[in-house]
Amino acid sequence: MAAEGAPAPDEDLTPERRRLAEEKKNERYVWWYLAYFLFGIHLVAFVMIYAVMHAK
């Protein structure tokens, strides 16, 4: 018996359930990529602000 929340083996999944599981996984990846992108943009912005504030 599979644990609660654990993915079921592929042979037990219907094509629709398999597609939904893949979509959920892909959506999670998109959120992680967005988080890393936004973090990077802010990091670059802070470095640029620091450089401008300390330029002579």
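Residues numbered from 1 in each chain as written. Predicted model: local features only at pLDDT ≥ 70, side-chain atom pairs only at ≥ 80, totals over all residues. Heavy atoms only, no water.

## Some points on the overall build of the chain
What counts is decided by this rule: Helix and strand labels come from DSSP, where a helix needs a run of H or I of at least four residues and a strand needs a run of E of at least two; each type is numbered from the N terminus. Any residue under 20% of the maximum accessible area for its type is buried, any over 50% is exposed, and the rest in between are partly exposed; the area is computed with a 1.4 Å probe on protein chains only. Surface exposure here means Shrake-Rupley accessible area, sampled with a 1.4 Å probe, where a residue is shielded only by the protein chains that are shown.
Regarding its fold elements, the chain presents 1 helix and 0 strands. With 56 residues in all, the chain has 0% of them scored as buried. About 5800 Å² of surface is accessible on the chain, with carbon and sulfur atoms providing 68% of the total.

## A word on the packing of aromatic side chains
Geometrically, a pair of aromatic rings is defined through the distance of the ring centres and the angle of the planes. Using the following cut-off: Note on ring pairs: Phe, Tyr and Trp rings are taken, using the six-membered ring of Trp, and paired if centres are within 6.5 Å. Classes follow the plane angle, with under 30 degrees stacked, over 60 edge-to-face and the rest tilted.
Scanning the entire structure with this criterion turns up 2 aromatic pairs. With a centroid separation of 6.0 Å and an interplanar angle of 35°, the aromatic rings of tryptophan 32 and tyrosine 36 are classed as tilted. Highlighted residues: tryptophan 32 and tyrosine 36, both in helix α1 (residues 15-53), separated by 4 residues, approximately one helical turn. On the basis of relative accessibility, which here comes to 58%, the residue tyrosine 36 falls in the exposed class.

## Considering the UniProt feature "transmembrane region" (unreviewed entry) in the chain
The following threshold applies: UniProt positions are given in the numbering used here, feature names are shortened, and annotations may be inferred rather than shown by experiment.
Mapped onto this numbering, the UniProt entry gives "transmembrane region" (unreviewed entry) at residues 30-53. As a span, residues 30-53 carries 100% helix and 0% strand, and end to end its C-alpha atoms are 34 Å apart.

## Observations concerning the pattern of salt bridges
The following threshold applies: Whenever Lys or Arg places a side-chain nitrogen within 4 Å of a carboxyl oxygen from Asp or Glu, that contact is recorded as a salt bridge.
Inspection of the entire model under this criterion finds 3 salt bridges. Here glutamate 16 and arginine 19 are joined by a salt bridge, their closest N and O atoms 2.9 Å apart. Placement of both glutamate 16 and arginine 19 in helix α1 is noted, with a separation of 3 residues, approximately one turn of the helix. Arginine 19 sits in the partly exposed class, given a relative accessible area of 42%.

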